[in-house]
Amino acid sequence: MSIAVIESMATLSTDLFYDILRRLDGPTLATAACACVTFCSISREERLWENVCSSMWPSTNREDVKSLISSIGGFRKFYADCFPLIVNKEVTEYQWNGYLEYPEEWTEAEYYGDTNGLESISPLDFVSIVDIRYKDKTICSKVLWGIPNANGSNSWFYNCPFRIDLLTYAARDDDSEGEVILSVSDGLPPIISMERERKDGKLWKELRDGLWLSWIVVNRKMKQAANLASWSPLGGQRHWPTDKDFVIRFGSILPAKDILPCQVVECILIMKFRVIHTEGEGVETTLKLTELSMQLEDMEGAHVNGRNSLLILKEALSCNRSKNYSEVIESCNLYSKVQSELKEEKMRNESRLDRLCILSGIAAFVTFWYYVL
């Protein structure tokens, strides 16, 4: 019976096989390629992987992005590089190595990064390809060519905190500059009042569970790409000043070995939505995307400057990755755990130092009055 099945498959045309495979998603297509020689041969077709990439990342439908992907190795390689997420499990190796202490003998060049290492890195070589989905519906696709405010080797960018505000700069080159809006028609629950939302948190839960972010960084010169996002949110909160802003955090843990003393940094991707009041109806269910940004922070929570950020992004494009999402979450949780332990240790050391200073002051005061009297 099994032989008959194999013979019947052999009689099927290649066009039929192609039509079957083009309907598959990326992981299924990769699995099918291992089934037989015919599937393996057909699955090498770039058109199949172009369809997979365009369905997963709508921004790759742009002609300029298609040319970029073709120049760095094609859609098959692009998917293989960007579908797995960055995993860094080496955080514990640097837990108690005293890396928080910046040696006094460091020169300014050593502190801010090796200038010679930047000769092969140009901010113009980096391209950000960003897609946001809410409940399987694409709500935003942006492409940013280069890194803003990084023109010239003596630019302030190299010594200032690194930050990319995508909504500010990508809109200049995009054809569609409209606002990104989420409403009840997109699946948001109706909210009668923010007071009620504070109690049941229905809107916050829907955002946390429904949002998906992909932030792919491509280096045109190195012909490498990586996804710096975590697909699902890692955390978030309501923004305190207005209580109408929902801040949602994505990100990944990037290696910074031989670049910063802490050896690892956190890539923080922030997405902020603001509740828009609907006049006359009393129902606040429309959200507007007001911020979509990237920044890098070290273990102490300090922002990494532009010079070191370029070096870190370059290393991130060739670091370890995994298709297992639980490993990604484990990597981020491990970083948060080590970071919390270091902060607690720092607070304990500062507390000991404060007590020592107080005791020294009391001893000096008693000694002074002892000799006076």
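Residues numbered from 1 in each chain as written. Predicted model: local features only at pLDDT ≥ 70, side-chain atom pairs only at ≥ 80, totals over all residues. Heavy atoms only, no water.

**A short note on the overall build of the protein chain**
Let me state the cut-off plainly: Only DSSP runs of H or I with at least four residues qualify as helices, and only runs of E with at least two residues qualify as strands; both kinds are numbered from the N terminus onward. Burial status follows relative accessibility: with a 1.4 Å probe on protein chains alone, a residue under 20% of its type maximum counts as buried, one over 50% as exposed, and anything between as partly exposed. The criterion used for residue contact is that any of the two residues' heavy atoms lie within 4.5 Å. Note that accessible areas follow from Shrake-Rupley with a 1.4 Å probe, and for residues the cover is restricted to the protein chains shown.
When you go through the protein chain residue by residue, the secondary structure sums to 13 helices and 12 strands. Burial statistics for the protein chain: of 373 residues in total, 45% are counted as buried. Put simply, 68% of the contacts in the protein chain that link residues at least 6 apart link residues at least 24 apart. Of the accessible surface of the protein chain, which amounts to about 19,800 Å², a share of 53% is contributed by carbon and sulfur atoms.

**Details of the pattern of salt bridges**
To keep things clear, this is the line we draw: Salt bridge criterion: a side-chain nitrogen from Lys or Arg within 4 Å of a carboxyl oxygen from Asp or Glu.
Under the criterion given, the structure shown has 15 salt bridges. For the salt bridge of Glu50 with Lys66, the shortest nitrogen-to-oxygen distance reads 3.4 Å. A residue pair is termed long-range when its members are at least 10 positions apart, and Glu50 in helix α5 (residues 46-56) and Lys66 in helix α6 (residues 63-71) qualify at 16 residues. Under the relative-accessibility criterion, Glu50 is labelled buried at 16%. When salt bridges with common partners are traced through the structure, they connect Arg47, Glu50, Glu63 and Lys66 into a single cluster.

**Regarding the pairing of strand β11 (residues 286-297)**
The criterion, for reference: Any two strands with at least two DSSP bridges between them are considered paired.
Across the 12 residues that make up β11, a large majority, 10, are buried. Summarising the sheet, strand β4 (residues 163-165) and β11 pair through 3 bridges and their orientation is antiparallel. Within β11, the residue paired with Arg163 across the bridge is Gln295. Pairing geometry for strand β5 (residues 181-182) and β11, over 2 bridges, is antiparallel. Looking across to β11, one finds that Leu182 is bridged to Leu287. In terms of strand pairing, strand β10 (residues 264-276) meets β11 through 11 bridges, oriented antiparallel. Its bridge partner being in β11, Ile268 is matched across the sheet by Gln295.

**A word on the sheet that holds strand β7 (residues 224-227)**
Paired through backbone hydrogen bonds, the strands of a sheet run either parallel or antiparallel to each other. Spelled out, the test is: The axes are straight lines fitted to the C-alpha atoms, using for helices just the contacting stretch, and the angles between their N-to-C directions are given from 0 to 180°.
In space, the 4 strands of this open sheet follow the order β3-β2-β6-β7, with antiparallel pairing throughout. Only two strands of the sheet have a single partner each, and these edge strands are β3 (137-145) and β7. Neighbour-to-neighbour, the strand axes of the sheet open up by a mean angle of 15°, direction not taken into account. Sheet topology places strand β6 (residues 211-219) next to β7; 4 bridges connect them, and they run antiparallel. The partner of Val218 across the bridge, within β7, is Ala225. Strands β2 (126-134), β6 and β7 of the sheet are contacted by helix α7 (residues 75-82), whose axis makes an angle of about 40° with β7.

**Some points on the packing of α5 against α7**
For clarity, the cut-off: Between 65 and 115 degrees an angle is taken as roughly perpendicular, under 35 as roughly parallel, over 145 as roughly antiparallel, and anywhere else as oblique. Should the near helix be turned anticlockwise from the far one by less than a right angle, the crossing is left-handed, and should it be turned clockwise, the crossing is right-handed. When residues are grouped by polarity, Ala, Val, Leu, Ile, Met, Phe, Trp, Tyr, Cys and Pro land in nonpolar, Asp, Glu, Lys and Arg in charged, and all others, Gly among them, in polar.
Two numbers describe how α5 lies on α7: the axes approach to 8 Å, and their chain directions differ by 45°. By the criterion of interaxial angle, the relationship of α5 to α7 is oblique. Considering how the two elements wind past one another, α5 and α7 form a crossing that is left-handed. Across from Glu46, Trp49, Glu50, Val52, Cys53 and Met56 in α5, the residues of α7 making contact are Phe75, Arg76, Phe78 and Tyr79. When its residues are assigned to classes, the contact of α5 with α7 shows 7 nonpolar, no polar and 3 charged.

**Description of helix α13 (residues 325-372)**
To keep it simple, the criterion reads: The span you would expect from a helix comes to 1.5 Å times its residue count less one.
With 48 residues, α13 extends 71 Å from end C-alpha to end C-alpha; this agrees with the ideal 70 Å at 1.5 Å per step. Every buried residue of α13 is accounted for by Val328, Ser331, Cys332, Tyr335, Val338, Gln339 and Leu342. Contact partners of the buried residues in α13: β1 (85-86), β9 (245-255), β10, β11 and β12 (321-322).

**A few points about the confidence of the model for the protein chain**
Using the following cut-off: Each residue carries a pLDDT score, the predictor's own confidence in it, on a scale running from 0 to 100.
Averaged over the protein chain, the pLDDT score is 80; the fraction of residues at 70 or greater is 82%. Predicted confidence for residues 94-108 stays below pLDDT 50, and this span has 23 contacts to residues more than four positions away or in other chains. Across residues 110-115, confidence stays below pLDDT 50; counting only partners more than four residues off in sequence or on other chains, it has 12 contacts.

**Section: the packing of aromatic side chains**
The test is simple: A pair of Phe, Tyr and Trp rings is counted when the ring centres sit within 6.5 Å of each other, with Trp represented by its six-membered ring. The angle between the planes then sorts it: under 30 degrees is stacked, over 60 is edge-to-face, the rest tilted. Two conditions define a charge located above a ring, namely a distance within 6 Å from the ring centre to NZ of Lys or CZ of Arg, and an angle within 35 degrees of the ring normal.
The tally for this structure, following the rule as stated, stands at 9 aromatic pairs. Ring geometry for Trp57 versus Tyr79: centroids 5.9 Å apart, planes at 50°, classification tilted. Here the residue Trp57 occupies a position in the loop between α5 and α6, and Tyr79 occupies one in helix α7, the gap between them amounting to 22 residues. Each member of the pair Trp57 and Tyr79 is classed as buried. In this structure an aromatic cluster arises from ring pairing among Trp49, Trp57, Phe78, Tyr79, Phe83, Trp231 and Tyr325. Sitting over the ring of Trp212, Arg133 keeps its end group 4.0 Å from the ring centre.

**Quick look at the environment of Tyr335**
We apply this condition: Whenever two N or O atoms come within 3.5 Å, that pair is a polar contact, provided that in protein one can donate a hydrogen and the other can accept it, and provided that, for residues adjacent in sequence, both atoms are side-chain atoms.
Locating Tyr335 in the fold gives a position in helix α13. A C-alpha to C-alpha distance of 8.5 Å links Tyr335 and Met299, two positions 36 residues apart in sequence. From its side chain, Tyr335 meets the backbone oxygen of Asp298 in a polar contact 3.5 Å long.

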